[in-house]
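Listed below, chain by chain, are the residues.
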Amino acid sequence: MSLFGEVPQATPVAVFKLSNDFKEDPNPMKVNLGVGAYRTDEGQPWVLPVVKKVEKIIVADNSLNHEYLPILGLPEFRSSASKIALGEDSPAIQENRVGAVQCLGGTGALKMGAEFLRRWYNGNDNMKTPVYVSAPTWENHNSVFANAGFEDVRPYKYWDAEKRGLDLAGFLGDLETAPKHSIFVLHACAHNPTGTDPTHVEWMQVAEVMKRRKLFVFFDSAYQGFASGCLDKDAWAVRYFVTQGFEMFCAQSFSKNFGLYNERVGNLTIVARDADNVRRVLSQMEKIVRVNWSNPPSQGARLVAITLNTAELFAEWKDNVKTMADRVLLMRASLQAKLQVLGTPGTWDHITQQIGMFSFTGLNPKQVEYMIKERSIYLMASGRINMCGLTTKNIDYVAESIHETVVNVQ
Amino acid sequence: MQVCDLLSWWSEVQMGPPDPILGVSEAYKRDTNSKKINLGVGAYRDDQGKPYVLSCVRKAEAQIAAKKLDKEYLAIGGLGDFTKACAKLALGDDNEVIKSGRNITVQTISGTGSLRIGANFLSRFHTEARDVYLPKPSWGNHTPIFKDAGMQLKAYTYYDPKTCGFDFQGALNDISKIPEKSVIMLHACAHNPTGVDPRPEQWKEIADLKRNLLVFFDMAYQGFASGDIDRDAWAVRYFIEQGHNIVLSQSFAKNMGLYGERVGGFTVVCKDAEEANRVESQLKILIRPIYSNPPMNGARIAATILNTPDLYKEWLGEVHGMANRIITMRELLVANLKKEGSTRNWKHVIDQIGMFCFTGLKPEQVERLTKEFSVYMTKDGRISMAGVTSGNVGYLAQGIHAVTK
């Protein structure tokens, strides 16, 4: 009898299963519009030129070693990463009330933030504080907070399927009725999976309610620079909330904007009332880090720190980011134009109105299944496509496939 | 800037207690005595007291750089080339477990990450027993890891302060009383913090004693203890041979010097391949909400070394070299203590193995050693042999003799 005899087979994580199925598909026309990673116009992964440069610098530097980083991570990474989110001249930074924890990617940053909040926010070890995530949201948000111990993870209205845009009234309504002190996970830009972001005015309305009702602001910033091509533009919401005096968390990922997916480079930026609060918060973060991974991996953080802290490399990086963002914008425009030319039923403006890597096409599960089975075009059951999977070579095939699907499958 | 609330969310957050080991290093840094020695450090140092990047690691890095690989996400369970080699290293190339596919090995965030995944897995699926039995003493971080995962901590006798050695009878007595199905943590080799390991015949008796405990091996020093990777893995392999389906944590921090790259593995030895499949699927579910998938760099380096014959050979030589330097320092320390005129029995310094040595010094003696000689170590009398060099061993012996005569 095995101790693990009763362990059930778990259902695979959807997005990885999709990639697996794509791999095994023999159809030469197949297109993978699933996993959220950037692809070039040749459909290839892209190691940023600036990353290649900095890697060479690191390999050549014999003074570097593989010693443990401090528990909270590489100091020069943490501070420069926070500056990226908050802005160099952020009043919060100048007032010395910003702290940071280097984490294992954006996921790790969310995890650390969630663990801290469960232990120290709204009482001690209060598992009942509601955590609100957008409907829909990145599916792992639910698991991260649930696994940190939160018993009440709920959706807030966000996506309006009918009008294919933001359900602002629903969003504000949920903010008004949420129990006080509830935690809200906000997407800083390039909402995953809908690609639909609030406008500045809409963000201001959100902030007003959150301030009045004492709700906790937890930003998830996985696409800074990647959405509009401009770092500052993409950080507008985060910085606005800082000017409004919020204490908040911002989970940052450098997976997409640095193309460092597998090096797991993330940063949890903490904005607090003052330096003393930051100090105590960080001391408790150390305890949490220690029982999860002791200290974070050095390679990716080094790479990012060198880049952000060296003027020419920083400029080159911003340029690389813009290259990626521009290609995505081009694909959006092309797809929308082609669908228009084909006369595909429905409206397709949302494709160019949405922003970032993803687009919520509006295709329903049956239509998605058709796309996969009949056309070997792989996308999530939600209708989410990764714009990076589109290239000048496959965009006609994809447009025609969407057209055929919409016409034949309801 | 508007202040939306005068009070902070964090007013009630207490200052976390300072880390005892970090405190040692901080104090060491502040000391201006040119003869100061840091024996708190849990990382290998060469005979100049400097960090040591293995030559095989540099070669592997150069090879990897030349390949121009992409940076796409790894699978949740990590790099396949790494996990396969990791399991082979621990269990032996020809191990029946690997051949039959009844192990699942996932890449983890070094040893800590591996222990945490293991703790989470046991907490979720090993519901018949909540107790984890640690040797007394054990690595300080074991307790908070298992606690945070929801397990209960208990202890079994291990270290004998009278002999500075293994309390074999005490251990057998305690282990025989452990309730069935409880989890027992065993340090595979180079026990941390004592450096005291059971002898093979003692391991045999332990393995035979209680058949129905869930054995959790922590192997953070394979190769680093005796200098021989097979010898250091002997206990792990013996237990498996005897029919224990163990769980195992491995770290490559010390034996490959990859500390900051966070390279580790977690293995569950299952009944068969089908069970291994189910267990794997659940491990992935556990990993995803913590960090999604593991970091590539260190695993790639380790895999390259393990899978490239001349690099592997070079690595074995370098590990042997590191272990040898430690063993030499142990011998030198004892020789120097005798030279100083110490009449105490220091045999345990040589009998103990691995990076750490439980000297037997009492807290007051440790305090004097630090205050009067600028020798920094933890209050429990533990020293990191890695901090000892041929340049400072004489001075260290002087200090130890002075506080113990």
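Residues numbered from 1 in each chain as written. Chains lettered and ligands numbered in written order. Predicted model: local features only at pLDDT ≥ 70, side-chain atom pairs only at ≥ 80, totals over all residues. Heavy atoms only, no water.

So, about the overall build of chain A. Broken down by element type, chain A carries 16 helices and 13 strands. Counting only C-alpha atoms, chain A reaches 60 × 60 × 55 Å along its principal axes. Across the 410 residues of chain A, 61% fall into the buried class. If you take every contact in chain A between residues at least 6 apart in sequence, the share linking residues at least 24 apart comes to 76%. Here chain A displays about 15,000 Å² of accessible surface, and carbon together with sulfur accounts for 54% of that area. Where the 43 positive side-chain charges of chain A centre and where its 44 negative ones centre are 3 Å apart. (Helix = DSSP H or I, 4+ residues; strand = E, 2+ residues; numbered from the N terminus. Buried < 20%, exposed > 50% of the residue type's maximum accessible area, 1.4 Å probe, protein only. Contact = heavy atoms within 4.5 Å. Areas by Shrake-Rupley, 256 points an atom, 1.4 Å probe, with all protein chains shown as cover. Lys, Arg positive; Asp, Glu negative; His and termini not counted. Charge placed at Lys NZ, Arg CZ, Asp CG, Glu CD.)

A separate point is the confidence of the model for chain B. Mean pLDDT over chain B stands at 95; residues scoring 70 or higher make up 98%. Under a pLDDT of 50 for its full length, residues 1-5 of chain B has, in the predicted model, 14 contacts with residues more than four places off or in other chains. (pLDDT = per-residue confidence, 0-100.)

A few words on the UniProt feature "domain: Aminotransferase class I/classII large" (unreviewed entry) in chain B. The sites that carry the UniProt feature "domain: Aminotransferase class I/classII large" (unreviewed entry) are, in the present numbering, residues 35-400 of chain B. Between the C-alpha atoms that bound residues 35-400 of chain B there is a distance of 14 Å. The span itself is 47% helix and 15% strand. (UniProt positions renumbered as here; feature names shortened; annotations may be inferred.)

All names here are of chain A. Here seven strands make up an open sheet; going across it, the order is S2-S10-S9-S8-S7-S3-S4 and the pairing mixed. With partners counted over all chains shown, the strands left at the sheet margins are strand S2 (98-104) and strand S4 (153-157), one partner each. Across this sheet, the average inter-strand angle for adjacent strands is 25°, counted without regard to direction. The sheet contacts of helix H7 (residues 168-177) involve S4 and strand S7 (183-187), and relative to S4 the element is tilted by about 135°. With respect to the sheet, helix H8 (residues 200-212) is in contact with S7 and strand S8 (216-221), its orientation differing from that of S7 by roughly 165°. (Pairing = 2+ DSSP bridges. Axes fitted to C-alpha atoms, helices over the stretch in contact; angles between N-to-C directions.)

With the rule as written, the count across this model stands at 43 salt bridges over all chains. Where Glu-247 of chain A meets Arg-273 of chain A, a salt bridge forms, and the shortest distance between an N and an O atom there is 3.8 Å. Here Glu-247 of chain A, found in the loop between helix H10 (236-243) and strand S9 (248-253), pairs with Arg-273 of chain A, found in the loop between strand S10 (265-271) and helix H11 (275-290); they are 26 residues apart in sequence, far enough to count as distant. Of the two residues, Glu-247 of chain A and Arg-273 of chain A, neither departs from the other in class, the shared state being buried. Note that Arg-102 of chain B is salt-bridged to Glu-96 of chain B, the shortest N-O span being 2.7 Å. For Arg-102 of chain B, a relative accessible area of 11% translates into the label buried. Several salt bridges share partner residues, and in doing so they unite Lys-111, Glu-115, Arg-118, Arg-119 and Asp-125 of chain A together with Arg-116 and Asp-148 of chain B into one network. (Salt bridge = Lys/Arg side-chain N within 4 Å of Asp/Glu carboxyl O.)

To continue, consider the packing of aromatic side chains. For the coordinates displayed, the defined rule picks out 53 aromatic pairs over all chains. Judged by centre distance (5.2 Å) and plane angle (85°), the rings of Trp-159 of chain A and Phe-360 of chain A are edge-to-face. On the criterion of sequence distance, the pair formed by Trp-159 of chain A in strand S5 (residues 159-160) and Phe-360 of chain A in strand S11 (residues 358-360) is long-range, its members being 201 residues apart. Both residues of the pair, Trp-159 of chain A and Phe-360 of chain A, count as buried. An aromatic cluster is present here, built from Phe-116, Tyr-121, Phe-145, Phe-150, Phe-216, Phe-218 and Phe-249 of chain A together with Trp-9 and Trp-10 of chain B joined pairwise through their rings. Looking at Arg-164 of chain A, its charged tip hangs above the ring of Trp-348 of chain A, at a distance of 5.3 Å from the centre. The side chain of Arg-384 of chain A reaches across the aromatic face of Phe-358 of chain A, ending 3.8 Å from its centre. (Phe/Tyr/Trp six-rings, centres within 6.5 Å; stacked < 30°, edge-to-face > 60°. Lys NZ or Arg CZ within 6 Å of the ring centre and 35° of its normal.)

Further remarks concern unusual backbone geometry. Residues and elements named next belong to chain A. That bond from Ala-135 to Pro-136 is cis: its omega, -5°, falls within 30 degrees of zero. Relative to the helices and strands, Pro-136 is located in the loop between strand S3 (131-135) and helix H6 (140-147). Of note, Arg-164 is a non-glycine position whose phi angle comes to about 55°, a positive value. Position of Arg-164 relative to the elements: it lies in the loop between S5 and strand S6 (165-166). Positive phi, close to 75°, is recorded for His-181, a residue that is not glycine. With respect to the helices and strands, the residue His-181 is situated in the loop between H7 and S7. On the accessibility criterion, His-181 (22% relative accessible area) is partly exposed.

Okay, helix H12 (residues 298-309) of chain A next. Every α-helical turn comprises 3.6 residues, leaving residues that sit three or four positions apart pointing alike. With 12 residues, H12 of chain A should reach 16 Å at 1.5 Å per residue; the first-to-last C-alpha distance of 16 Å fits that figure. What H12 of chain A keeps buried is the set Ser-298, Gln-299, Gly-300, Ala-301, Arg-302, Leu-303, Val-304, Ala-305, Thr-307 and Leu-308 of chain A. Against the buried residues of H12 of chain A lie helix H2 (49-60), helix H3 (75-86), S2, S10 and helix H13 (311-342) of chain A together with helix H12 (296-307) of chain B. (Expected span 1.5 Å × (residues − 1).)

As a measure of interface size, the accessible area lost when the parts come together is often cited. Residue and element names in this part refer to chain B. Each assigned domain of chain B is listed here: domain 1 (20-52 + 324-403) and domain 2 (73-307). Here the C-alpha centre of domain 2 lies 29 Å away from the C-alpha centre of domain 1. Contact with domain 2 buries area across many residues of domain 1, yet Ile-353, Phe-356 and Phe-358 alone supply 42% of it, more than any other trio. Where domain 1 packs against domain 2, one counts zero salt bridges. Mapped by element, the contributors of at least two residues to the side of domain 1 that touches domain 2 are helix H13 (309-340) and strand S11 (356-358). With three residues, the top contributor of residues to the side of domain 1 that touches domain 2 is S11. Grouping the amino acids of the side of domain 1 that touches domain 2 by side-chain chemistry returns nine nonpolar, six polar and one charged. (Domains from an automatic or database assignment. Buried area = accessible area lost by both parts, 1.4 Å probe. Nonpolar A, V, L, I, M, F, W, Y, C, P; charged D, E, K, R; others polar.)

Next up on the list: the nonpolar core. Judged by nonpolar contacts, the single largest core of 78 residues is most densely connected at Phe-218, Phe-249 and Leu-268 of chain A together with Trp-10 and Leu-283 of chain B. Each residue touching Leu-268 of chain A, except ones within four places of it in the same chain, is listed here: Gly-99, Ala-100, Val-101, Cys-103, Ala-109, Met-112, Gly-113, Phe-218, Phe-249, Cys-250, Ala-251 and Met-285 of chain A. Listed in part, the 68 residues of the second largest apolar core include Ala-220, Met-296, Ile-305 and Val-334 of chain B. (Core = buried A, V, L, I, M, F, W, Y, C linked by side-chain atoms within 4.5 Å.)

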